[in-house]
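Examining the three-dimensional arrangement
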Amino acid sequence: MRENVRVTTVIEQSAPVAPRLIATDLDGTLLRDDKTVSDRTIRALAAAEEAGVEVFFVTGRPARWMDVVSDHVHGHGLAICANGAAVADLHAGGRLLQVRGLERETALDVVHTLRAAAPGTSFAVELATGIHYEPAYPPFHLDPGATIAVAEKLLHEEVPGEGVPVLKLLAKHGELDPDEFLALARAAAGERATFTRSSPTALIEISGPGVSKASTLELCCAERGIAAAEVVAFGDMPNDVEMLSWAGTSYAMGNAHPAALAAASGRTVTNNEDGVAVVIERILAERAGSLAGR
C-alpha cells in the first residue's frame, strides 16, 4: 500500500549499535507485495531476536489477519494491531491482551460529520470480535461472516457501555483523492478522533483520540523499560508517521508515501528488496564489530 516514491539505496544514518527493540509495519514494509515474508527477512528477524533485540510487528491489520507473520514471532509473541487499538498475543491465536477503543458515541458523531462533509462516504466498523460494514462498502472476502447494515445499526448497543469494544472505524470514498479525503476528515472531526490512512485508495482509518501505533508502542516499551532512543522503526504510509517520528532511529521504505519519508530519520530500499532485512543485517554487523573491538 504505497505511493510511487522509490529510493534504491540505504541512506546512512547513525543507528544505535545495540538497539533493544525493532518495530516494523507489515504491508508495504516487512511483507513483499505478494504478502509473503522473504527467507532473507525471516533470517534477519531470527538473528535480531537471537542477539537479544525484541521485534514488534506494528500494523493496521486486525489480529485475525496476522497469520502472514505469526510463525515469525519469537519470544514475547506480541503484536500491535489495528493502528494501536489492540495488543495481541500471536502465540495464543491472536488473543487481545489490551484494547484502546473508540467510543461508540464518538464513532457515530464522526459518521454523521463525514457523511455531511463528504457525501458518498461508506463505513465499516472494526470490533474486537470482527468487522462489519455498510451495504455500499467494498466487501471483505477474508471476513465472510460480517454483518451488513448501516453504521447506526452496527454501532448500536442494547445496553450502553456493554457492547463489544470498537477498535476503529473505516471510511471509504469512491471518488476523492486519498490525501484530500484524509485532510478533509481531519479538518471536519480531527479533534474528536485520530484519523490516518494506509491504503492507496480513499480509505480512512479512525481510532480513539490519541490512539496510534506510536502511542501504544510507547506504552509497550515503557513496560519493558525501553526508551525511544533504543527503538528502530520501519514504515511506509501515513499511519506510520507518528511511530517513525517517535522512535530514536527510523527508516521509511524506498516505496514510502512522502509523509513517511519526511517523518523518518533514514531510508532503506523497497519492501520487495527486503529493506527491513538490509538494515537489521547492518545493525547486527555493526554490533558484532563493536563487541569484537572491545
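Residues numbered from 1 in each chain as written. Predicted model: local features only at pLDDT ≥ 70, side-chain atom pairs only at ≥ 80, totals over all residues. Heavy atoms only, no water.

Let us now look at the confidence of the model for the protein. Summarising the model, the protein shows a mean pLDDT of 91, and 93% of its residues fall at 70 or more. Below pLDDT 50 for its whole length, residues 1-9 participates in 35 contacts with residues either more than four positions away or in separate chains. (pLDDT = per-residue confidence, 0-100. Contact = heavy atoms within 4.5 Å.)

Below, the discussion takes up the sheet that holds strand β5 (residues 95-99). Through backbone hydrogen bonds, the strands of a sheet pair up, either in parallel or in antiparallel fashion. Taken in spatial order, the eight strands of this open sheet run β5-β4-β3-β2-β1-β11-β12-β13, and their pairing is mixed. The two strands at the open ends of the sheet, each matched to only one other strand, are β5 and β13 (266-267). Where strand β3 (residues 78-81) meets strand β4 (residues 86-89), four bridges bridge the pair, whose relative direction is antiparallel. The residue of β4 that forms the bridge with I80 is V87. In the packing of helix α2 (residues 39-50) onto the sheet, contacts are made with β1 (21-24) and β2 (54-58), and the angle to β2 comes to roughly 130 degrees. (Pairing = 2+ DSSP bridges. Helix = DSSP H or I, 4+ residues; strand = E, 2+ residues; numbered from the N terminus. Axes fitted to C-alpha atoms, helices over the stretch in contact; angles between N-to-C directions.)

Time to look at the pairing of β5. Inspection of the sheet shows β4 paired to β5 by four bridges, in the antiparallel sense. The partner of V87 across the bridge, within β5, is Q98. The loop that links β4 with its antiparallel partner β5 comprises five residues; one of these, G93, has a positive phi angle of about 70 degrees.

What follows concerns the pairing of β4. Here β4 shows no split at all, with A86 and A88 on one side and V87 and D89 on the other all buried. In this structure, the hairpin formed by β3 and β4 is closed by a connection of four residues, where A82 is found at a positive phi of approximately 50 degrees. (Buried < 20%, exposed > 50% of the residue type's maximum accessible area, 1.4 Å probe, protein only.)

With that settled, consider the nonpolar core. Nonpolar side chains in soluble globular proteins tend to end up buried together. I22, F57, M66, V69 and I280 are the most contacted members of the largest nonpolar core, which totals 29 residues. Of all the secondary structure elements, the ones that give two or more residues to this core are α1 (26-30), α2, β2, β3, β11 (231-235) and α9 (275-292). Not counting residues up to four positions away in its chain, the partners in contact with M66 are L26, F57, T59, R61, A79, C81 and L90. Counting 25 residues, the second largest nonpolar core, distinct from the first, contains L154, A193, F195 and I204. (Core = buried A, V, L, I, M, F, W, Y, C linked by side-chain atoms within 4.5 Å.)

Once that is clear, we can look at the pattern of salt bridges. Two side chains that carry opposite charge are able to pair once their charged atoms sit near each other. If you walk through the whole model with that rule in mind, you get 19 salt bridges. Measuring nitrogen to oxygen at the nearest pair gives 2.6 Å for the salt bridge that ties R64 to D143. On the criterion of sequence distance, the pair formed by R64 in the loop between β2 and β3 and D143 in the loop between β7 (130-133) and α4 (151-154) is long-range, its members being 79 residues apart. A salt bridge links D179 to R197, with the shortest nitrogen-to-oxygen separation between them at 3.0 Å. Of the two residues, D179 is situated in helix α5 (residues 178-189) and R197 in the loop between β9 (194-196) and β10 (203-207); the sequence distance between them amounts to 18 residues. Taking the relative accessible area as the measure of exposure, D179 reaches 35% and is therefore partly exposed. Linked by salt bridges that have partners in common, D25, K213 and D240 make up one network. (Salt bridge = Lys/Arg side-chain N within 4 Å of Asp/Glu carboxyl O.)

This part is about the side chain of T196. Counting through the fold element by element, T196 comes out in strand β9. When its relative accessible area of 6% is taken as the criterion, T196 is described as buried. A polar contact is formed between the side chain of T196 and the backbone oxygen of P238, at a distance of 3.5 Å. Once residues lying within four places of it in the same chain are set aside, the contact partners of T196 are N83, L182, R186, L203, I204, E205, P238 and N239. (Polar contact = N/O pair within 3.5 Å; in protein donor to acceptor, adjacent residues only side chain to side chain.)

What follows deals with the sheet that holds β9. Taking strand neighbours across the sheet as the criterion, the five strands line up as β7-β6-β8-β10-β9 in an open arrangement whose pairing is antiparallel. A strand with exactly one partner marks an edge of an open sheet, and here the two such strands are β7 and β9. Strand-to-strand, the axes of this sheet are offset by a mean angle of 20 degrees, without reference to chain direction. Judged from the three bridges that link them, β9 and β10 form a sheet pairing that is antiparallel. By the bridge assignment for β10, T194 is matched with S207. Here helix α3 (residues 104-117) sits on the sheet in contact with β6 (122-127), β8 (166-172), β9 and β10, set at roughly 5 degrees to β8. Sitting on the sheet, α5 touches β8, β9 and β10, and the angle it makes with β9 is about 170 degrees.

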